[in-house]
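The residues making up each chain are set out below.
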Amino acid sequence: MHIFLSVAPNIRLSRAKDTNMPFLVRRMRQKLYICSTLSFKSMEFTAQQIATYLGGTVEGNAEATVNTFAKIEEGQAGALSFLANPKYAHHLYETASTIVLVNRDFVPEAPVSTTLVRVDNAYEAIARLLSLYESMTQKRSGVHPLACVEDDATLGDDVYVGPFAYIGSGVTIGAGTQIYAHCVVEQGATVGENCLFYPGVSVYHGCRIGNEVILHSGCVIGADGFGFAPSAEGYEKIPQIGIVTVEDRVEIGANACVDRSTMGSTYVRRGVKLDNLVQIAHNVEVGAHTVMSAQVGVAGSTKVGQWSMFGGQVGVAGHLQLPDRMQAGAQAGIHSARTDGQPLMGTPAINARNFARSSALFKRLPDLRDEVNALRRELNELKAALADRK
């Protein structure tokens, strides 16, 4: 099966001049017609074609062909694998994969039977190939008969709305966006172009989603912030009348939640990546290109800087102004915005190197206690002996 795309003549396509690539690019008077197979299963790629596309070099059989991907430890004939982490290097010498991507500076410690394609960065290279593979997957389009779309909602070209999805009144959805089954986009929300909402996503009223945003199943954008005022009779709910703004090229994992603000907006800035089960509280701002692993929680009104990296289960207190490029290891508890610019670990979070030294001492505390007690006994004995001499 093939896809035929028509694009404007001034668009430049990377590697388009390489006639050895699996893309047949023919310039006609006013259009480019690109002929590409839908998936690896319907065609084969040679090692030389892959190397040319990635700007790499072949070491081995340049005509070796692959038609699928596999992890290096689960390699099979006809599969393409990659080696980026040295911990997996031992699999290279026994893998059944036909081609393996490796870094240019990789030096094998034993004979290698598979064909190697050397590239600047194997991890980035496999990401490019996987993105290419995914782009060949044909998008769905149209509104399923079991979907509910309000009459005054606006859908762009080539939008897909799956079964049992609901698109509320006044909602605007940009061209090429895919909204799968059981998603809900409530009244007045806006969704940009080429977004992907997996089944069961909820976007509450008035929230704004940018372009090329990916929301995974169970993700909730715009639930009420956790705002309650104590009273003599319990806790009175503080209405959360703000919204959530998710900027372009953000990806949010399954069952993650971004709460709407009390007033104004909670912000997830451009390029942010949030893992599964992340909680972003009301009025938080997550800086551009920040990444957070699973179960990170950021309390209300905290501002997280750009390009920050938080490991799993990091907890951040409220009302902090954190610097750019902050790094926090798993389970760090951040209670202060003060930092020396070094990675943080522990609760309360401290310099990661100091935390490692403290952890080493902590493991020895029982032995150190015994040593201290022994020294105390010896000291007491010495004091008693000196007293007897007097």
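Going along each chain's sequence as written, the residues are numbered from 1 onward. This being a predicted model, a pLDDT of at least 70 is required before a residue's local features are given, and a value of 80 or more before pairs of side-chain atoms are given or counted; all residues contribute to the totals for chains, interfaces and linings. Side-chain numbers come from the whole structure's heavy atoms, not from hydrogens or water.

Q: Please set out the overall build of the protein residue by residue, giving values where relevant.
A: For the protein, the count of helices and strands is five helices and 42 strands. For each residue, the accessible area found with a 1.4 Å probe, counting protein chains only, is set against the maximum for its type, and the residue is called buried under 20%, exposed over 50%, and partly exposed in between. Across the 390 residues in the protein, those meeting the buried criterion constitute 38%. Sequence separation of at least 24 residues holds for 22% of the intrachain contacts in the protein that already meet a minimum separation of 6. Entry remark: accessible area of the protein is about 22,000 Å², with carbon and sulfur atoms responsible for 53%. Every helix listed is a DSSP run of H or I at least four residues long, and every strand listed is a run of E at least two residues long, numbered separately from the N terminus. A contact between two residues is defined here by any heavy atoms of the two lying within 4.5 Å. Every accessible area reported is derived by Shrake-Rupley at a probe size of 1.4 Å, with residue values counting cover from the shown protein chains alone.

Q: So, the pattern of salt bridges: which residues are in play, and what are the values?
A: For this document, the term salt bridge refers to a Lys or Arg side-chain nitrogen within 4 Å of an Asp or Glu carboxyl oxygen. Enumeration over the complete set of coordinates arrives at nine salt bridges. One salt bridge in this structure joins lysine 71 and glutamate 74, with 3.4 Å as the shortest N-O distance. Residue class for lysine 71 comes out partly exposed when judged on its relative accessible area of 46%. Between glutamate 247 and arginine 269 there is a salt bridge, with the nearest N and O atoms lying 2.6 Å from each other. Note that glutamate 247 is positioned in the loop between strand S27 (243-246) and strand S28 (251-252) and arginine 269 in the loop between strand S30 (265-268) and strand S31 (273-274), a separation of 22 residues in sequence.

Q: An account of the packing of aromatic side chains is needed here, citing residue identities and associated values.
A: Centres within 6.5 Å make a pair out of two Phe, Tyr or Trp rings, where for Trp the six-membered ring is used; the pair is then stacked when the planes are under 30 degrees apart, edge-to-face when over 60, and tilted otherwise. In the structure shown here, the tally under the stated rule is five aromatic pairs. Seen in terms of ring centroids, phenylalanine 69 and tyrosine 133 are 5.8 Å apart; in terms of plane orientation they differ by 75°. Their pairing is edge-to-face. Separated by 64 residues along the polypeptide, phenylalanine 69 in strand S7 (residues 68-69) and tyrosine 133 in helix H3 (residues 122-135) bring together distant segments of the chain. The interplanar angle of 75° and the centroid separation of 6.0 Å between the aromatic rings of tyrosine 160 and tyrosine 180 together place this pair among those described as edge-to-face. Of this pair, tyrosine 160 sits in strand S14 (residues 160-161) while tyrosine 180 sits in the loop between strand S17 (178-179) and strand S18 (184-185); the two residues are 20 residues apart in sequence, bridging distant segments of the chain.

Q: Quick one: what's the story with the packing of helix H1 (residues 47-54) against H3, residue by residue and with numbers?
A: Packing of H1 against H3 leaves a shortest axis separation of 11 Å and a crossing angle of 105°. Judged by the inter-axis angle, H1 sits roughly perpendicular to H3. From H1, Ile50, Tyr53 and Leu54 reach across to H3, where they touch Ala125, Arg128, Leu129 and Leu132. In the scheme used here, Gly and all other residues not listed as nonpolar or charged are polar, with Ala, Val, Leu, Ile, Met, Phe, Trp, Tyr, Cys and Pro taken as nonpolar and Asp, Glu, Lys and Arg as charged. Taken together, the residues of the contact of H1 with H3 sort by class into six nonpolar, no polar and one charged. Axes, fitted as lines to C-alpha atoms, cover a helix only where it is in contact. Angles between the N-to-C directions of the axes lie from 0 to 180 degrees. Orientation categories follow fixed angle ranges, with anything under 35 degrees roughly parallel, anything over 145 roughly antiparallel, 65 to 115 roughly perpendicular, and all other angles oblique.

Q: Any chance you could break down the sheet that holds S7 for me, citing the residues and the numbers?
A: What the five strands build is an open sheet, ordered S5-S10-S9-S8-S7; its pairing is mixed. A strand with exactly one partner marks an edge of an open sheet, and here the two such strands are strand S5 (57-59) and S7. Strands are treated as partners if at least two bridges between them are detected by DSSP. Judged from the three bridges that link them, S5 and strand S10 (residues 115-119) form a sheet pairing that is antiparallel. Looking at the pairing, glutamate 59 lines up with leucine 116 of S10.

Q: An account of the sheet that holds strand S16 (residues 172-173) is requested, with residue identities and associated values reported.
A: Read across the sheet, eight strands follow the order S13-S16-S19-S22-S27-S30-S33-S36 without closing on themselves; strand pairing throughout is parallel. Bordering the open sheet on either side are strand S13 (154-155) and strand S36 (303-304), each of which pairs with just one other strand. Judged from the two bridges that link them, strand S19 (residues 190-191) and strand S22 (residues 208-209) form a sheet pairing that is parallel. Residue pairing in the sheet places valine 191 in a bridge with isoleucine 209 of S22.

Purely geometric stuff here, so don't read any function into it on its own.
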